[in-house]
Amino acid sequence: QVQLVESGGGLVQAGDSLRLSCAASGITFSSSGTGWFRQAPGKERQFVAAISWSGRTSYAGSVKDRFTISRDNAKNTVYLQMNSLKPEDTAVYYCAANRGVTLVTTLEYAYWGQGTQVTIAS
C-alpha cells in the first residue's frame, strides 16, 4: 500500500520561506516520478513542480526561480523549498507520485497525499 505524507505547511509572512516534505512508504521515489500540486479555495488543483526518477525537474511559471523540488533517496522523501512567498501562493499543497514514470506535469498521478495547508499573510 502506497502512502504519501506531506508536512511543513503553516502560516508565514510574505517574503518568508517554507520547506515542504513528502515522505513515502510503499513506493521508492528514486525510481518514480514525483510532483507537487496546489489547490486554493474555489480553484482547480494546479501543477507546481515535478522531479523525474533521473532528477530532471520542471516548474510552473508562477513559481520558477522561487521554488525548488529535490529528493533525498536515503530518506525516500521529496522536498519543495519555497522562497519569496507571496499571498497568492496560499493553498493546500499536495504531493503525488507514479511508479516508473518520468516527468509528469499534469494531474495524471496514481498516488496522492492528504495535503498540507500553506497560508501566506500579506
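Our subject is the structure listed above.
Residues numbered from 1 in each chain as written. Predicted model: local features only at pLDDT ≥ 70, side-chain atom pairs only at ≥ 80, totals over all residues. Heavy atoms only, no water.

Caption draft 1: Structural view of the packing of aromatic side chains. Counted according to the given criterion, the structure contains four aromatic pairs. With 5.5 Å between their ring centres and 75° between their planes, phenylalanine 37 and tyrosine 109 make a pair best called edge-to-face. Taken together, the positions of phenylalanine 37 in strand β4 (residues 32–39) and tyrosine 109 in the loop between β9 (91–99) and β10 (111–112) put the pair 72 residues apart, joining distant regions of the chain. With respect to burial, phenylalanine 37 and tyrosine 109 carry one shared label: buried. Where phenylalanine 37 meets tryptophan 112, the ring centres are 5.0 Å apart and the plane angle is 55°; that geometry is what we call tilted. (Phe/Tyr/Trp six-rings, centres within 6.5 Å; stacked < 30°, edge-to-face > 60°. Helix = DSSP H or I, 4+ residues; strand = E, 2+ residues; numbered from the N terminus. Buried < 20%, exposed > 50% of the residue type's maximum accessible area, 1.4 Å probe, protein only.)

Caption draft 2: Just unusual backbone geometry, in detail. Positive phi is not limited to glycine here, since asparagine 76 has a value of about 50°. Inspection of the secondary structure puts asparagine 76 in the loop between β7 (67–72) and β8 (77–82). Within the chain, serine 84 stands out as a residue other than glycine whose phi angle is a positive 50°. Relative to the helices and strands, serine 84 resides in the loop between β8 and β9. On the basis of relative accessibility, which here comes to 40%, the residue serine 84 falls in the partly exposed class.

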